[in-house]
Amino acid sequence: MSDIFPENKRALVMAIFNWGIYGGYGIAFPVGRYITKSNFFNLGWRMCYLGTGVLAVLVAAITGTTLKEPERKAIGETDRTKDGKKIGLWKVLANPAMIMLMIAASIRHSGGMTFAYNADLYYNAYFPDVDLGWWLFAVTIGIGSVGVVVGGIVSDKIVAKMGIRSRALVLAVSQLIATLPAFGSVYYDPLWAMITLACSYFFAEMWFGIVFAIVVEIVPLQVRSSTIGVFLFVMNNVGGNLPILLDPVAKMIGFREAFMILYAGFYGISKFELYMKVIVS
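Residues numbered from 1 in each chain as written. Predicted model: local features only at pLDDT ≥ 70, side-chain atom pairs only at ≥ 80, totals over all residues. Heavy atoms only, no water.

Looking at the overall build of the chain
Within the chain, the regular secondary structure consists of 11 helices and zero strands. When the elements of the chain are put in sequence order from the N terminus, they spell out α-α-α-α-α-α-α-α-α-α-α. Sorting the 281 residues of the chain into buried and exposed places 44% on the buried side. As presented, the chain carries roughly 14500 Å² of accessible surface, and 70% of it is formed by carbon and sulfur atoms. (Helix = DSSP H or I, 4+ residues; strand = E, 2+ residues; numbered from the N terminus. Buried < 20%, exposed > 50% of the residue type's maximum accessible area, 1.4 Å probe, protein only. Areas by Shrake-Rupley, 256 points an atom, 1.4 Å probe, with all protein chains shown as cover.)

With respect to helix α9 (residues 224-239)
A rise of 1.5 Å per residue sets the reference length of α9, with its 16 residues, at 22 Å; its end C-alpha atoms lie 21 Å apart and thus fit the reference within 8%. Among the residues of α9, those classed as buried are Arg224, Thr227, Phe231, Met235 and Gly239. Within α9, the buried residues cover an arc of 65 degrees as seen down the axis, which keeps them to one side. Among the structural elements, α3 (89-93), α4 (96-126) and α8 (207-218) are those in contact with the buried residues of α9. (Expected span 1.5 Å × (residues − 1). Arc of directions from axis to C-beta. Contact = heavy atoms within 4.5 Å.)

Details of the nonpolar core
The biggest cluster of nonpolar side chains holds 30 residues, and the ones touching the most others in it are Phe115, Tyr123, Leu136, Met194, Leu197, Phe259 and Tyr263. Of all elements in the fold, only α4, α5 (133-162), α6 (167-187), α7 (190-204), α10 (246-253) and α11 (255-280) reach the threshold of two or more residues within this core. Looking at this core, the element that brings in the most residues is α11, giving eight residues. Look past the residues within four positions of Leu136 in its chain and what remains in contact with it is Phe29, Phe115, Asp120, Tyr123, Met194 and Leu197. (Core = buried A, V, L, I, M, F, W, Y, C linked by side-chain atoms within 4.5 Å.)

Notes on the environment of Met1
Relative to the helices and strands, Met1 resides in the segment before α1 (10-38). Met1 sits in the partly exposed class, given a relative accessible area of 39%. A sequence separation of 16 residues divides Met1 from Phe17, and the C-alpha atoms of the two residues are 9.1 Å apart. Setting aside chain neighbours within four positions, we find Met1 in contact with Val13, Met14 and Phe17.

Quick notes on the side chain of Ser200
Residue placement: Ser200 occurs in helix α7. Filtering out sequence-adjacent residues up to four positions away, Ser200 remains in contact with Ala178, Pro181, Ala182, Tyr263 and Tyr267.

Comments concerning the packing of α4 against α9
At a minimum axis distance of 8 Å, the contact between α4 and α9 shows a crossing angle of 40 degrees. In terms of their interaxial angle, α4 and α9 are classed as oblique. Remark: the crossing between α4 and α9 carries right-handed chirality. From α4, Met98, Leu101, Met102, Ala105, Ser106, His109 and Ser110 reach across to α9, where they touch Thr227, Phe231, Val234, Met235, Asn236, Val238 and Gly239. Residue classes in the contact of α4 with α9 are distributed as eight nonpolar, six polar and no charged. (Axes fitted to C-alpha atoms, helices over the stretch in contact; angles between N-to-C directions. Parallel < 35°, antiparallel > 145°, perpendicular 65-115°, else oblique. Left-handed = near helix turned anticlockwise from the far one by under 90°. Nonpolar A, V, L, I, M, F, W, Y, C, P; charged D, E, K, R; others polar.)

A closer look at a nonpolar patch on the surface
Taken together, Met1, Ile4, Phe5, Phe17 and Ile21 make up a surface patch of nonpolar side chains, about 450 Å² in accessible area. Tracing the sequence through the fold places Phe17 in helix α1. In this structure Phe17 comes out as partly exposed when scored by relative accessible area, which is 49%. (Patch = residues over 30% accessible without salt bridge, like charges linked within 9 Å, V, L, I, M, F, W, Y side chains within 5 Å. Salt bridge = Lys/Arg side-chain N within 4 Å of Asp/Glu carboxyl O.)

So, in structure tokens, the structure goes:
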């Protein structure tokens, strides 16, 4: 995407790509509830996974036959040091700004995955008489998608005026604004929980497109793919697995309190890491 699209649309197109991720787990709320209850072919929840597998095969076939490799383009940082030596992968990964960005992304991803994995369980446990499956679908896909696009547009506009490094500021501010309503989505009863969740999602989902626009802009061309690979590995394996802490923490202080800390609390912590990235940059 960074090779195909120009700088003034970079965060926007990466944000649109991000629709797939949040659209996927937004659809999972009603699919997980209602497909499982329908018990097609007496398969229960397994039907959700089988259906996803069939779609994945179809998309893989379409991608493999239609997607063409674009011409690679240098974007941001120079590929050489001041003394003329080529900058290697480990030099890029050891950059304090990159380390801060990976830590922030891992923490933010962990907060998002904590919500994705446990929101249905949480609202079923605390509000068993209220069916929020379609509400969660509407908020995550509807409001989240709008936030994703707005974040990309705002980021691209600010970068056009203030330069590439201003993206981190947009990222930090968006997560700061998202944190308080995220707490509200756990604290309040269903109506206000969905309202505050919508407010939080609008700002929170700005992060993904912007963070990867930052990565491709601060990394030399020859190590860009490798850096993104390492970045995704760290973000998904650290941030994606930290939600397992919810169960032991919930046993100590309660499900609601643990959910609040590992979901909304991690939003707030990621904001401080992003702020440090701005300072380091």
